[in-house]
Amino acid sequence: MAKKVGVSEATVSRVLNGKPGVSEGTRQAVLSALDVLGYERPTQLRGERARLVGLVLPELQNPIFPAFAEVIGGALAQLGLTPVLCTQTKGGVSEADYVELLLQQQVSGVVFAGGLYAQADAPHDHYRLLAERRIPVVLVNASIEDLGFPGVSCDDAVAVEQAWRHLASLGHERIGLVLGPEDHVPSARKLAAARAVGDLPDEQVARAMFSIEGGHAAASRLIDRGVTGIICASDPLALGAVRAARRKGLDVPSRVSVVGYDDSAFMNCTEPPLTTVRQPIEAMGRAAVELLNTQISGGFVAREELLFEPELVVRGSTAPPPRS
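Computed from a prediction, not measured in an experiment: that's the story for all the values here.

(A) Inspection of the pairing of strand β10 (residues 275-278) at higher detail. Relative to β10, strand β9 (residues 257-262) is paired through four bridges, and the arrangement is parallel. Paired with G260 across the strands is T276, a residue of β10. One ladder, built from three bridges, connects β10 with strand β12 (residues 311-313); its direction is antiparallel. Directly across from R278, in β12, lies its bridge partner E311.

(B) Focus on the pattern of salt bridges. For the coordinates displayed, the defined rule picks out 12 salt bridges. Between R315 and D263 there is a salt bridge whose closest N-O contact spans 3.0 Å. Of the two residues, R315 sits in the segment after β12 while D263 sits in the loop between β9 and β10, which places them 52 residues apart along the sequence. Its relative accessible area of 23% is what places R315 among the partly exposed residues. Under the relative-accessibility criterion, D263 is labelled buried at 13%. Within the structure, one salt-bridge network assembled from shared partners comprises D263, R278, E311 and R315.

(C) View of the nonpolar core. Core analysis: the largest hydrophobic core is formed by 90 residues, its most contacted members being F112 and V140. In terms of domain composition, this core takes at least three residues from each of domain 2 (52-154 + 280-309) and domain 3 (156-279). Those residues in contact with V140 that lie beyond four places of it in its chain are F68, I72, V111, F112, A113, G114, Y117, V152, M284 and A288.

(D) Quick look at the state of the cysteines. Counted according to the given criterion, the structure contains zero disulfides. Left unpaired, C232 is separated from the closest cysteine sulfur, that of C154, by 16 Å. With no disulfide of its own, C269 has C232 as its nearest cysteine by sulfur position, at a separation of 19 Å. Among the residues examined, C269 registers a relative accessible area of 57% and is labelled exposed.

(E) Up close: helix α9 (residues 185-197). Between its first and last C-alpha, α9 extends 19 Å over 13 residues, near the 18 Å set by a 1.5 Å rise per residue. Looking only at α9, the buried set comprises V185, P186, S187, K190, L191, A193 and A194. On its buried face, α9 sits against α8 (156-169), β6 (175-179), β7 (205-207) and β9.

(F) A look at the domain arrangement of the protein. When its domains are assigned, the protein resolves into domain 1 (2-37), domain 2 (52-154 + 280-309) and domain 3 (156-279). The C-alpha-based centres of domain 1 and domain 3 are spaced at 59 Å.

(G) Structural view of the packing of aromatic side chains. Following the criterion strictly, the structure yields three aromatic pairs and no others. Ring centres of F112 and Y127 lie 5.1 Å apart, and the angle between their planes is 65°; on these two criteria the pair is classed as edge-to-face. Of this pair, F112 sits in strand β3 (residues 109-112) while Y127 sits in helix α7 (residues 125-132), placing them 15 residues apart in sequence. This pair shows no difference in class: F112 is buried, exactly as Y127 is. Taken together, a centroid distance of 6.0 Å and an interplanar angle of 80° make the contact between Y117 and Y127 edge-to-face. A residue pair is termed long-range when its members are at least 10 positions apart, and Y117 in the loop between β3 and α7 and Y127 in helix α7 qualify at 10 residues. Every member of this aromatic cluster is reached through a ring pair, and the members are F112, Y117 and Y127. Over the face of the ring belonging to Y261 we find K190, whose NZ or CZ atom lies 3.9 Å from the ring centre.

(H) Representation of the sheet that holds strand β8 (residues 229-232). One open sheet holds the six strands; their spatial order is β7-β6-β8-β9-β10-β12, and the pairing between them is mixed. Where the open sheet ends on each side, the last strands, each with one partner, are β7 and β12. Sheet twist, expressed as the average angle between the axes of neighbouring strands with direction ignored, equals 20°. Inspection of the sheet shows β6 paired to β7 by three bridges, in the parallel sense. The partner of V178 across the bridge, within β7, is A206. α8 rests against β6, β8, β9, β10 and β12 of the sheet, and its axis sits at about 165° to β8. Contacts between helix α10 (residues 212-224) and the sheet are confined to β6, β7 and β8, with β7 contributing the most and set at about 160° to the helix.

The rules behind the values
- Every chain is numbered independently, its residues counted from 1 as its sequence is written.
- Totals for whole chains, interfaces and linings use all residues, but because this is a predicted model, local features are given only for residues with pLDDT of at least 70 and pairs of side-chain atoms are given and counted only at 80 or more.
- As a rule here, side-chain values cover all heavy atoms of the structure and leave hydrogens and water aside.
- Pairing between two strands requires that DSSP report at least two bridges joining them.
- Put simply, DSSP marks the helices as runs of H or I at least four residues long and the strands as runs of E at least two long, and each gets a number from the N terminus on.
- Basic side-chain nitrogens of Lys or Arg form a salt bridge, by our definition, when they fall within 4 Å of a carboxyl oxygen of Asp or Glu.
- Each residue gets one of three labels from its accessible area relative to the maximum for its type: buried under 20%, exposed over 50%, partly exposed in between, using a 1.4 Å probe on protein chains only.
- Within this scheme, the nonpolar core is defined by two criteria: the residues are buried Ala, Val, Leu, Ile, Met, Phe, Trp, Tyr or Cys, and they are joined through side-chain atoms within 4.5 Å.
- Just so you know, the domain bounds were taken from an automatic or database domain assignment.
- The contact definition used throughout considers only heavy atoms, calling two residues in contact when any of these lie within 4.5 Å.
- By disulfide we mean two sulfur atoms from cysteines, separated by a distance within 2.5 Å.
- Each residue after the first adds 1.5 Å to the expected span of a helix.
- Pairing of aromatic rings covers Phe, Tyr and the six-membered ring of Trp, with a centre-to-centre limit of 6.5 Å; geometry is then stacked below 30 degrees between planes, edge-to-face above 60, and tilted otherwise.
- Sitting over a ring, as applied to charges here, requires NZ of Lys or CZ of Arg to be within 6 Å of the ring centre and within 35 degrees of the ring normal.
- In this description, a line fitted to the C-alpha atoms serves as the axis of each element, helices being fitted only across the stretch in contact, and the angle between N-to-C directions of two axes falls anywhere from 0 to 180 degrees.

Here it is in structure tokens:
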């Protein structure tokens, strides 16, 4: 390698061990030769030269997360930043473990597109570790209040208002919500907005894990309580609600109307096509990368949340309620 670059072996050794006394031009030449010759860079040099950025997702089963990953990864690549995808699996590597791995790789920053920061009762020490190390971080969608990171979020309150008013305009009076766990911040925002815009007794609120099966179980309870219009906190929950109605022999939308949230991939191909509230994924993802890159470049970023306006997409899963 020393022969290829035209420097001494001692100079190559200094570069590989991160020692001073080497010009920036020579250092870059040695690292480029390392890549060209097919050698793996030492760990302490990877993040700095490859400009790695951790992209942490809670799962890939919900199509909204791969959609965010595509937008954020593409925007990072345009800036010469390489995304490192970290996806949690049940019983697999935890979010805290991923943070440790990313710190070892000396990443330039981390984008969390969903995760434990949205759950008040979850452990948050790994976020505080990132703050202590002064690693640039951006959070996508609502988080607990005291983490101190900038974030981009779809406005949960506006989303529920749009869905509620849509169902009310069709004539629904018994409207229910299928939400995530009680400590889930976006779900708490949706619940507060629903109670501000309409009549919502506790019996018309059902909690579930974010899955089709969770939506099925929660919506089944709401249907048994006489709810005719169901607003769900995600599209998979909404698909579960459609399945719950059908298992009870009730047609969607003539007997039960269902509204999702996200407008993730293929929701226009379901039967019936799903009425849902669209998150502006493209705008949110690009804003998240812009916030991160500003921090990486040493610029100032306010530790606040940018709210993006959702859009109601009316399809075939909503209709007037049955006449009694």
